[in-house]
Amino acid sequence: MGKYTLNDLEKLTGIKADTIRIWEKRYGIIAAHRSATNRRWYTDDELRRMINVSILNSNGIKISAIAALPADVIEEKTADLIRTSAGPDMLSGSLIIAMTRLDEDSINEILLSSVIKNGFESTFSSVVFPFLKKIGVLWHTGSVNVGTEHFISNILRRKLIAAFENLHSLKTPGSKKILMFLPENEFHELGLLYYAYIARRLGHQVLYLGQTTPLDAAVQTGEEWNPDIIITGALSGLSVEDPEEYILRASACFKSQKLIFTGILAEAAARKRVRGVFACRSDKDLIKLLR
């Protein structure tokens, strides 16, 4: 079971903490639990309810009217809205609800409907990654447990791998050889997998080494394969303690290749301004850098 603070609810629902307090007191929309130090906390059920309330309220239904509805009617009305006019925020909220229920069927249905309506890349850039950003902080603070993180991450990982494999690996005029890997002790590969998909979709050859790759191993592979571009990155400082030092080491090893850094390494690359080193903060940046 998740255990969320008032701050967590604000981040996940988009409703200000003060507003949640008012709705809680005036309308009884949810009921907070109290810690030993009298701090509010909320369960998965209360989080799901507040996401549903947020979706209905943002679509013009007054909070007083929502508060008067039974819980099953709130869920039904929210589901109807999502089916008929789901935007990125609604779909992100739906994914959070399905994640807290460990409901793989619902997650697959949400993703499939978004891909059909908006396309694969738009689904990941506009729905999936904003969703992951919302809940990323909660994983690090322990509000969402590691098992839940692995559950949702592995579903998304399978989707990206399947999409990557379904693309034909064909040489096209002007195509480049791209070596991709994550630094040693870096396991969060969803962003890099997505970039691998985009690179292959653009007609480039991709050699994907994946998670926790020692720099020496990547260099040795590069010497054998002779890539044009190297792409790597890190989600946090847990795997790369000194991003600027890592960039300098990598640039010394790959002197004749363009190096593209993502995640926290992108910020360090932008600050360091080393020749041949580029920062990539989004799929749009990536597409420009691969031209």
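Above this text is the structure in question.
Rules behind the numbers
- Residues numbered from 1 in each chain as written.
- Predicted model: local features only at pLDDT ≥ 70, side-chain atom pairs only at ≥ 80, totals over all residues.
- Heavy atoms only, no water.
- Pairing = 2+ DSSP bridges.
- Helix = DSSP H or I, 4+ residues; strand = E, 2+ residues; numbered from the N terminus.
- Right-handed = clockwise from strand over helix to strand, strands pointing away.
- Phe/Tyr/Trp six-rings, centres within 6.5 Å; stacked < 30°, edge-to-face > 60°.
- Buried < 20%, exposed > 50% of the residue type's maximum accessible area, 1.4 Å probe, protein only.
- Axes fitted to C-alpha atoms, helices over the stretch in contact; angles between N-to-C directions.
- Contact = heavy atoms within 4.5 Å.

Novice: Hey, could you run me through the pairing of strand β5 (residues 205–213) in this one?
Specialist: Regular strands place their side chains on alternate faces of the sheet. Bridge count for strand β4 (residues 177–183) against β5 is six bridges, and the pairing is parallel. For Phe181, the partnering residue across the bridge sits in β5 and is Gly210. In this region the chain leaves β4, passes through helix α10 (residues 190–201) and returns to the parallel neighbour β5; the handedness of that crossover is right-handed.

Novice: Can you walk me through the packing of aromatic side chains in this structure?
Specialist: To describe a pair of aromatic rings, one takes the distance between the centres and the angle between the planes. Under the defined criterion, the tally for this structure stands at six aromatic pairs. Arranged with centres 4.9 Å apart and planes meeting at 35°, the rings of Phe120 and Phe124 form a pair that is tilted. Remark: Phe124 and Phe120 occur in helix α8 (residues 120–141); sequence separation between them is four residues, near one turn of the helix. The exposure class of Phe124 is buried, given its relative accessible area of 3%.

Novice: Any chance you could explain unusual backbone geometry here in plain terms?
Specialist: Peptide bonds are mostly trans, and most non-glycine residues show a negative phi. Even without a glycine there, the phi angle at Asn38 is positive, about 70°. Even without a glycine there, the phi angle at Asn226 is positive, about 55°. Relative to the elements of secondary structure, Asn226 occurs in the loop between α11 (215–225) and β6 (229–234).

Novice: Honestly, the sheet that holds β5 in this entry has me stumped. Any pointers?
Specialist: Hydrogen bonding along the main chain pairs the strands of a sheet, whether they run parallel or antiparallel. Strands sit in the order β5-β4-β6-β7-β8 across an open sheet of five strands; the sheet is parallel. Of all strands in the sheet, those bounded by a partner on one side alone are β5 and β8 (277–279). Going across the sheet, the axis of each strand differs from the next one's by a mean of 20°, ignoring polarity. Along the sheet, helix α12 (residues 243–253) contacts β4, β6, β7 (258–263) and β8; its crossing angle with β7, the most-contacted strand, is approximately 155°.

Novice: Help me understand the side chain of Glu24, please; the structure alone is not making it clear to me.
Specialist: Tracing the sequence through the fold places Glu24 in helix α2 (residues 17–27). Leaving out residues up to four positions away in the same chain, Glu24 has contacts with Ile29, Ile30, Ala31, Ala32, Arg40 and Tyr42.

Novice: I keep staring at the environment of Ala71 and nothing clicks. Help me out?
Specialist: Position of Ala71 among the secondary structure elements: in helix α5 (residues 71–85). For Ala71, a relative accessible area of 46% corresponds to the partly exposed category. Residues Ala71 and Val115, 44 residues apart in the sequence, show an inter-C-alpha distance of 29 Å.

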